[in-house]
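Spelled out from the first residue to the last, the chains are:
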Amino acid sequence: MYNFAIKLYKLGANIASLFNKKVKTMLKGQQVCFDVLRTKIDPDRSYVWFHAASLGEFEQGRPLMERIRREYPSYGILLTFFSPSGYEVRKNYEGADVICYLPFDTPKNVCRLLDLVHPCMAFFIKYEFWKNYLDELHSRNIPVYSVSSIFRADQVFFKPYGKGYAKVLRNFNHLFVQNDVSKDLLNGLGILNVTVAGDTRFDRVLQIREQAKELPLVEAFKQNKLTFVAGSSWQPDEELFIDYFNRHPEVKLIIAPHVIGEDHLQHIIGKVKGKVVRYTQATVENVAEARCLIIDCFGLLSSIYKYGEIAYIGGGFGSGIHNTVEAAVYGVPVIFGPNYQRFMEAKDLIACGGGFSINDVNDLAALLDKLLSDKTFLQESGNNAGTYVHSRAGATDIILKNLKGLL
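Residues numbered from 1 in each chain as written. Predicted model: local features only at pLDDT ≥ 70, side-chain atom pairs only at ≥ 80, totals over all residues. Heavy atoms only, no water.

Looking at the state of the cysteines
Overall, the coordinates contain 0 disulfides when judged by the stated rule. Cys-120 takes part in no disulfide bond, and the closest cysteine sulfur, belonging to Cys-100, lies 16 Å away. Cys-120 sits in the partly exposed class, given a relative accessible area of 26%. No disulfide involves Cys-297; its sulfur sits 14 Å from the nearest other cysteine sulfur, which is in Cys-292. Relative accessible area serves as the criterion here: at 24%, Cys-297 is assigned to the partly exposed category. (Disulfide = S-S within 2.5 Å. Buried < 20%, exposed > 50% of the residue type's maximum accessible area, 1.4 Å probe, protein only.)

With respect to the packing of helix α12 (residues 235–246) against helix α18 (residues 361–373)
At a closest axis distance of 10 Å, the pairing of α12 and α18 adopts a crossing angle of 45°. As judged from the angle between their axes, α12 and α18 are oblique. Between α12 and α18 lies a crossing of right-handed hand. Side by side, α12 and α18 meet where Leu-240, Phe-241, Asp-243 and Tyr-244 of the first sit next to Val-361, Leu-364, Ala-365, Leu-368, Asp-369 and Leu-372 of the second. Partitioned by chemical class, the residues of the contact of α12 with α18 number 8 nonpolar, no polar and 2 charged. (Axes fitted to C-alpha atoms, helices over the stretch in contact; angles between N-to-C directions. Helix = DSSP H or I, 4+ residues; strand = E, 2+ residues; numbered from the N terminus. Parallel < 35°, antiparallel > 145°, perpendicular 65-115°, else oblique. Left-handed = near helix turned anticlockwise from the far one by under 90°. Contact = heavy atoms within 4.5 Å. Nonpolar A, V, L, I, M, F, W, Y, C, P; charged D, E, K, R; others polar.)

Points about the pattern of salt bridges
If you walk through the whole model with that rule in mind, you get 24 salt bridges. We note a salt bridge from Glu-59 to Arg-204, for which the minimum N-O separation is 2.6 Å. Of this pair, Glu-59 sits in helix α4 (residues 55–71) while Arg-204 sits in helix α10 (residues 200–210), placing them 145 residues apart in sequence. Of the two residues examined, Glu-59 and Arg-204, each falls in the buried class. The shortest N-O distance in the salt bridge between Arg-201 and Glu-345 comes to 2.9 Å. Highlighted residues: Arg-201 in helix α10 and Glu-345 in helix α17 (residues 344–352), separated in sequence by 144 residues. (Salt bridge = Lys/Arg side-chain N within 4 Å of Asp/Glu carboxyl O.)

Below, the structure is given as structure tokens:
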């Protein structure tokens, strides 16, 4: 049944590639994967394999990957991605020796990959549970670990009809999960090789904060005025905070939209009252006169959050919010839409008073009015967010401690 589903998935991807550039890119990457492995894998070297579905999972696995590379330099690192949004951004990442796409989870592809790489161990990040890969790794006695995984009662593993598929979890030598709920759910299936390590993403955002870029153009734009940073925003998010911003000219606004296509950028510019400057067109002179700065390029958002006093995280009016801790690490309150239930860190931020969920423009206006008028509330909310992130650090240390003697 599983292999039939994979065949259908592959067929669907091939059809979708005719209309979807992202899927077409993924399939092309998979086609050359084995050529990449044959060319770049050193048969005389032992490799540790990390697999991340996309960019977010890569960032979670990155602290562990870099620690292993630094502390055990004799090992090579193989990094695979499933999504182009991960591979295309990190295909030149210097922390891995070999980077390629992960081929579809068919028995033939699995054996070809493992025969070429012969990994000494493998790490699958967060939600990656490819049955054939895990079955074959287990069959070959190659240790495999789940890192920063999180489980919920509504997942297929815990449904009556999902008991057969749940057996795939027994292939892991150990599961390093984010919370006690995940551990309890796995224990309920009889899976006891579980450690609550937390989320390695907290280690990563602390690294990012230490390495944050100085951005003179953003500094010139801010001019020591209170600044609202909206990260990874979508149109429904923008409709709300732009409306508020247009009525509060005393606040500077930085927007880093999730989609930076020209049509979307022009839509934002048309909505904002006052002078708007795009980052790629900014100079120290024109940006100082602007009320809104639009970040129309990638790679800066994690550094830009440090210039704000309040952060808004997009996606909460769609499929789900983006990275809240990337902003919270700077000790600023974070605001997001109502679709946050699948994100433990968002719920934790609300619980500690460092995060706030809004449902509509009235909610946002009431919250921002309070944050802008009550400096103590603003400062305490930001402190709560920063303290929360720091308190969750250390997952990488826990994992490496458990792996001591195996590397």
